[in-house]
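# Commentary on secondary and tertiary structure
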Amino acid sequence: HSGLFHTAERSLWMHFSKQIYEVESALFYLPQHSDISSIEALAGQKVGVIRASFQADYLGRRHPEMEVIEFDSYAGLIESAEKGLIKSFMDEIQRVKYRMFHRYQRGHFRRFR
């Protein structure tokens, strides 16, 4: 599976081949809806992810202080971010760039560094 992330738990029951491409994820936000300047400031804030994704699992385990909101569709995730219903969302960087290129001008959403 080309989109399966390697985790310690999955390596217990699955063998992974040599990595051929690295996929990075990041947290994104809309500047007009968020005055948050650091990832730590997202504690207690609503952060969107796609349901049952690596990002949902990652934030749930690594950042329990965030209120992780799962979405069934990418459209619902983006719409909620645009309306300010969530402060941020986490997804794969290249997927966000691709979707933003086809939907908006570059720079519409920004990512935390």
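Presented here is an overview of the structure given in this document.

Basis of the calculations
Residues numbered from 1 in each chain as written. Predicted model: local features only at pLDDT ≥ 70, side-chain atom pairs only at ≥ 80, totals over all residues. Heavy atoms only, no water. Buried < 20%, exposed > 50% of the residue type's maximum accessible area, 1.4 Å probe, protein only. Helix = DSSP H or I, 4+ residues; strand = E, 2+ residues; numbered from the N terminus. Arc of directions from axis to C-beta. Salt bridge = Lys/Arg side-chain N within 4 Å of Asp/Glu carboxyl O. Patch = residues over 30% accessible without salt bridge, like charges linked within 9 Å, V, L, I, M, F, W, Y side chains within 5 Å. Areas by Shrake-Rupley, 256 points an atom, 1.4 Å probe, with all protein chains shown as cover. Phe/Tyr/Trp six-rings, centres within 6.5 Å; stacked < 30°, edge-to-face > 60°. Lys NZ or Arg CZ within 6 Å of the ring centre and 35° of its normal.

## Quick word on helix α3 (residues 74-83)
Turning to α3, its buried residues are Y74, L77, I78, S80 and A81. Down the axis of α3, the sector holding all buried residues measures 160°, keeping them to one side. Positive phi appears at G84, one or two residues downstream of α3, with a value of about 80°.

## Observations regarding the pattern of salt bridges
Across all of its chains, the model carries 5 salt bridges by this definition. The closest approach of N and O atoms between E79 and K83, which form a salt bridge, is 3.0 Å. Taken as a pair, E79 and K83 lie in helix α3 at a separation of 4 residues, close to a single helical turn. E79 gets classed as partly exposed once you look at its relative accessible area, which sits at 40%.

## Side note on a nonpolar patch on the surface
Judged by side-chain polarity, I20, Y21 and V23 come together as a nonpolar surface patch covering roughly 370 Å² of accessible area. Along the polypeptide, Y21 turns up in the loop between α1 (8-11) and β1 (25-29). Since its relative accessible area comes to 55%, Y21 is described here as exposed.

## Brief notes about the packing of aromatic side chains
What the rule picks out here adds up to 4 aromatic pairs. Measuring from centroid to centroid gives 5.5 Å for F28 and F89, while their planes differ by 20°, and the two rings are stacked. Here F89 lies in strand β4 (residues 88-92) and F28 lies in strand β1, a separation of 61 residues in the sequence. Of the two residues, F28 and F89, neither departs from the other in class, the shared state being buried. With 5.2 Å between their ring centres and 85° between their planes, F89 and F109 make a pair best called edge-to-face. With a gap of 20 residues between them, F89 in strand β4 and F109 in the loop between α4 (93-103) and β5 (110-111) connect regions that are remote in the sequence. An identical accessibility class is assigned to F89 and F109; each is buried. Feature note: the residues F28, F89 and F109 constitute an aromatic cluster, connected by ring pairs. We note R99 situated over the ring of Y74; from NZ or CZ to the ring centre the distance is 4.4 Å.

By themselves, these observations are geometric and do not establish any function.
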